[in-house]
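Each chain is listed here by its residues.
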Amino acid sequence: MDDIDGMFSHLLGEIDSLSQSLQPAELSQDSQRETTFSIGFTDLNESLNELEDHDLDALVADLGSELASEEPIRTEPCAVIQESELEAALPPPPNRIQSPRNEPQTKTDKIRLALEKLKEAKVRKLIIKVMLSDGGFKTLMVDERQTVREVLDKLFEKTHCDRGVDWSLSETNPELQIERSFEDHEHLVELLSTWSRHSENQIHFVSRPQKYVMFTDPQLFYMWKMKKRCLSEVNHQARELLIKEHFGGSALIVPDLEGMLHLKEDGKKVWKPRYFVLRASGIYFVPKGKSKMSSDLACFVHFEKVNIYTTSNYKQKYRAPTDFCFMLKHPCIQKESPYIKLLCCDDEHTLLLWVNAIRIAKVHL
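Our subject in this report is the structure included herewith. Per chain, the residues get numbers from 1 upward, laid out in the order the sequence is written. Only residues with pLDDT of at least 70 get local features here, since the model is predicted, and only at 80 or more are side-chain atom pairs given and counted; chain-wide, interface and lining totals rely on the full set of residues. Water and hydrogen atoms were dropped before computing side-chain values, which therefore reflect all heavy atoms in the structure.

Strands here are runs of E lasting at least two residues and helices are runs of H or I lasting at least four, both read from the DSSP assignment and numbered beginning at the N terminus. Within the protein, the secondary structure is distributed over 14 helices and 13 strands. Three labels apply to residues, based on accessible area from a 1.4 Å probe with only protein chains included: buried if under 20% of the type maximum, exposed if over 50%, partly exposed otherwise in between. Relative to its full complement of 365 residues, the protein shows a buried share of 38%. Residue contacts are counted whenever heavy atoms from the two residues lie within 4.5 Å of one another. Sequence-distant contacts, at least 24 apart, represent 60% of the contacts inside the protein between residues at least 6 apart. Throughout, the Shrake-Rupley method with a 1.4 Å probe supplies accessible areas, and for residues the shown protein chains are the sole cover considered. About 22200 Å² of surface is accessible on the protein, with carbon and sulfur atoms providing 52% of the total.

Here we take up the side chain of Asp184. Residue position: Asp184 is located in the loop between strand E5 (178-181) and helix H8 (188-192). Among the polar contacts listed, one links the side chain of Asp184 to the side chain of Lys211, at a separation of 2.8 Å. Setting aside its immediate chain neighbours within four residues, Asp184 contacts Thr147, Val148, Arg149, Leu152, Lys211 and Tyr212. For this analysis, a polar contact is any N or O atom pair within 3.5 Å, provided that within protein one partner can donate a hydrogen and the other can accept it, and provided that sequence-adjacent residues contribute only side-chain to side-chain pairs.

Before going further, it helps to examine helix H14 (residues 348-364). With 17 residues, H14 should reach 24 Å at 1.5 Å per residue; the first-to-last C-alpha distance of 24 Å fits that figure. Here H14 has its buried residues at Leu351, Leu352, Leu353, Trp354, Val355, Asn356, Ala357, Ile358, Arg359, Ile360 and Ala361. One less than the number of residues in a helix, times 1.5 Å, gives the span that helix is expected to have.

Close approach of charged atoms allows side chains of opposite charge to pair. The salt bridge criterion pairs a side-chain nitrogen of Lys or Arg with a carboxyl oxygen of Asp or Glu, the two atoms within 4 Å. Taken as a whole and judged by the stated rule, the model has 13 salt bridges. In this structure, the salt-bridge partner of Arg180 is Glu171, at a minimum N-O distance of 3.7 Å. Across the pair, exposure class does not vary: Arg180 and Glu171 are buried alike. The structure contains a network of salt bridges with shared partners spanning Arg149, Asp153, Arg163, Asp184 and Lys211.

On to the state of the cysteines. Two cysteines form a disulfide when their sulfur atoms are joined by a covalent bond. Two cysteine sulfurs form a disulfide in these notes if their separation is within 2.5 Å. What the rule picks out here adds up to 0 disulfides. With no disulfide of its own, Cys345 lies closest to Cys344 among cysteine sulfurs, the gap being 6.5 Å. Classification of Cys345 by relative accessible area gives buried; the value is 0%.

Okay, the environment of Glu46 next. Here Glu46 is to be found in helix H3 (residues 44-50). Note on Glu46: relative accessible area 26%, which makes it partly exposed. Through-space distance from the C-alpha of Glu46 to that of Ile127 is 9.7 Å; in sequence the pair is 81 residues apart.

Our next topic: the pairing of strand E3 (residues 137-143). The element E3 is largely enclosed, with a buried count of 5 among its 7 residues. Should DSSP find at least two bridges between two strands, the strands are taken to pair. Bridge analysis of strand E2 (residues 125-131) against E3 gives 7 bridges, and the strand direction is antiparallel. Looking at the pairing, Ile127 lines up with Met141 of E3. What sits between E2 and E3 in their antiparallel hairpin is a turn of 5 residues, with Gly135 showing a positive phi close to 95°.

What follows deals with the nonpolar core. A general tendency of soluble globular proteins is for nonpolar side chains to be buried together. Counting 35 residues, the largest nonpolar core has Ile283, Phe326, Leu328 and Trp354 as its most contacted members. Among the elements that take part in this core, H14 stands out by supplying 9 residues, more than any other. Contact partners of Trp354, with chain neighbours within four places excluded, come to Leu257, Glu258, Gly259, Leu261, Phe276, Val277, Leu278, Ile283, Ile308, Phe326 and Cys345. Ranked by size, the runner-up nonpolar core spans 22 residues in total, among them Leu126, Val148, Trp167 and Val189. Among buried residues, the Ala, Val, Leu, Ile, Met, Phe, Trp, Tyr and Cys ones that are joined through side-chain atoms within 4.5 Å form a nonpolar core.

Quick look at the structure:
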């Protein structure tokens, strides 16, 4: 009985630990509001100051029209129009001076007005700081309806760079030393909502030549068992056929990738080799003493609630066999946690295969 009680207490402790890792620390009501409105700045006021004048004007106008559309239309019974009412409705004579509209004139006034209206808006909006490759940054206003691709289009206009498909928005987490490129179809505000207010995470606007490697070189993923020399000789027509077969049908086909990877043991800087198999639903492994048959495979992680991240300098940080590691975790986990899964590949090519094959599998969900 004592053993059962002990196991139950341990289980409750794990559940509590998971709950704490998935939920940010409690904030005051004011802090929670500011978290909603700015990313990458110390507060909302600073982020509004960084907006270019025409962007701030557009934000104020957008908020004004949104709030106006929410006001109910009042209907009043018909009444006899009095002479005084008729006079008020007519335009003033030429010699009468009209009173100026009560509109903000200075940037400070506009910021004050934006602060008021942001808290009343129904559509969630964020002022974000996006880091550029030259060390500078751009400030953007985005709302919850916009996809990553739409935000990229905004950045193309502001940076005047080419509109190539390789451009990406990536998040970096310096505490965990990880990075992930957002997918173009994802909604940016939803992704950033997992960050805590005081997070040191950053958004980067970068070019990723291998962003769509599964389309430029599909043979790497669907003919991976062949020798590299043979893969390099696959012609354009064969690649087009692979794309049509695996991406053009009613259902996307996930690569049947498998192989030996190094697994980091929980709470230890020890890595053990295991044989892993990729499936549409997640990653599975072959338990000790079992075969590679599907009936013998054990689930390592399901893809439904985790994202994949590449790591930086884990050979030094965790004594990994190589620096070609990747992480699988729930997006709300922003610091060290026992619910993070770490795997290490033998070389860069193997890392490329697993990371992008998992990206394909996640789109399949």
